Amino acid sequence: MRPSRVTLDGLLFAMITIINLQRADQWRGPGTTPNLEDIVIGRCYDYIETVNPSVGKKNCTAIWEAFQGAFISKDPCSVFPSDYERYINLTLHDIPMNKSLFWENNKQLVHRLSDRGKRYMALGDTLMGWLADNLHFCGSSSNSGFDYNSCPTSSECESNAQESFWRSASVTYAKHSSGEIQIMLNGSTPGGGFPMPSFLSDFEIPNFQRDKVSKINIWVMDEINGVNVAVRILQCVDFPGNPECTTNSGSGFTSVWMTMIPVWITIMNNYGNMND
């Protein structure tokens, strides 16, 4: 009996399969957060019962199913913002007027300032952002679950589960923001306080709704060395007229309020080009 010959098509298929299996373990990003389901559902109940009960009752199990359904068992580089549409619809709630807070490169300060939605409501303080904040997640095309070993970074492929999630959430958050918009930038970031490209410049500012937004306030915050700096900054946010919050070179405390005309011009140019 003559041995069968391996066809060229069969050989190519085997090689592609091996490459894909190997690639799944070689992404540079962290793998899916362990106990992801328990974390997301637990956060959901915590949010609607204690953090922000005003959003009303939400079906946390359905929200979890919509969340994982966007990326589980999929090629981790073939997940798109539209895949999260059902999740966004299930988690959507009103964002109070004048309480939207956008930012770049100063997440920790922003969330200290927003105080879980009490002062402002940043994206991470909404239900859709709260559930996924600081989590890692991606599926695997080689099995029926999550990839706990590694997930692709945005530099490896843009259409990954996390990048697409935050793009979808950012666009939705911007479209539902109204009244006075607050934008907090980090003036100590190398390369400037208003990076481009960024989520703020690419997905948020272009989606402000002209008929909803009345004013844009830009805060450029510098990193300041000293004792209890974070507390002092937050105190000055609440009481900007206090003498201790004005520029005083002798005290070694630099004012956190700055005028940044180039950033303002850039943002207003983008704002002027928004879709009606």
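Everything numeric here is computed off the predicted structure, so don't read it as measured data. The residue count restarts for each chain, going from 1 along the sequence in the order it is written. Local features are withheld for residues below a pLDDT of 70 in this predicted model, meaning they are given only at 70 or higher, and side-chain atom pairs are given and counted only at 80 or more; totals for whole chains, interfaces and linings count all residues. Excluded from the side-chain calculations are hydrogens and water; all other atoms, namely the structure's heavy atoms, are used.

**Q** Please give an account of the state of the cysteines that cites residues and values.
**A** Note on terminology: disulfide describes a covalent bond linking the sulfur atoms of two cysteines. By disulfide we mean two sulfur atoms from cysteines, separated by a distance within 2.5 Å. Within this structure, the stated rule accounts for three disulfides. Two residues share a disulfide in this structure: cysteine 77 and cysteine 157, whose sulfurs sit 2.1 Å from each other. Its S-S torsion of about -80° marks the bond between cysteine 77 and cysteine 157 as left-handed, since a negative value means left-handed. Placement of cysteine 77 in the loop between α3 (60-69) and α4 (85-91) and of cysteine 157 in the loop between β4 (150-151) and α7 (161-175) is noted, with a sequence separation of 80 residues between them. By the burial criterion, cysteine 77 is buried, and cysteine 157 matches it. What counts as a helix is a DSSP run of H or I of at least four residues, what counts as a strand is a run of E of at least two, and both are numbered from the N terminus. When accessible area is computed with a 1.4 Å probe and restricted to protein chains, residues below 20% of their type maximum are described as buried, those above 50% as exposed, and intermediate ones as partly exposed.

**Q** Tell me about helix α5 (residues 107-114), residues and numbers included.
**A** Of the residues making up α5, those classed as buried are Leu109, Val110, Leu113 and Ser114. For α5, the angular spread of buried residues about the axis comes to 130°, placing them on one side. Aspartate 115 occupies a position one or two residues after α5 and carries a positive phi of about 55°. The arc in question is the one traced by the directions running from the helix axis out to the C-beta atoms.

**Q** Tell me about helix α2 (residues 36-51), and please be specific about residues and values.
**A** Looking only at α2, the buried set comprises Leu36, Val40, Ile41, Cys44, Tyr47, Ile48 and Val51. Angular distribution of buried residues about the axis of α2 spans 165°; they occupy a single face of the element. Opposite the buried face of α2, by more than 90 degrees, sit the exposed residues Asp38 and Thr50.

**Q** I'd like a description of the packing of aromatic side chains, backed by residues and values.
**A** The criterion for an aromatic pair is that two Phe, Tyr or Trp rings (for Trp, the six-membered ring) have centres within 6.5 Å, with stacked assigned to planes under 30 degrees apart, edge-to-face to planes over 60 apart and tilted to the rest. All told, the structure shown has 19 aromatic pairs when counted by the stated rule. Consider the rings of phenylalanine 67 and phenylalanine 165, whose centres lie 5.8 Å apart with planes at 85°: the pair is edge-to-face. Here phenylalanine 67 is found in helix α3, whereas its partner phenylalanine 165 is found in helix α7, with 98 residues between them in sequence. In this pair, the class of phenylalanine 67 matches that of phenylalanine 165, namely buried. Ring geometry for phenylalanine 102 versus tyrosine 173: centroids 4.7 Å apart, planes at 50°, classification tilted. A residue pair is termed long-range when its members are at least 10 positions apart, and phenylalanine 102 in strand β2 (residues 100-104) and tyrosine 173 in helix α7 qualify at 71 residues. Through a chain of ring-to-ring contacts, the aromatic side chains of Trp64, Phe67, Phe71, Tyr84, Tyr87, Phe137, Phe146, Tyr148, Phe165 and Trp166 assemble into a single cluster.

Nothing here speaks to function; it is all geometry.
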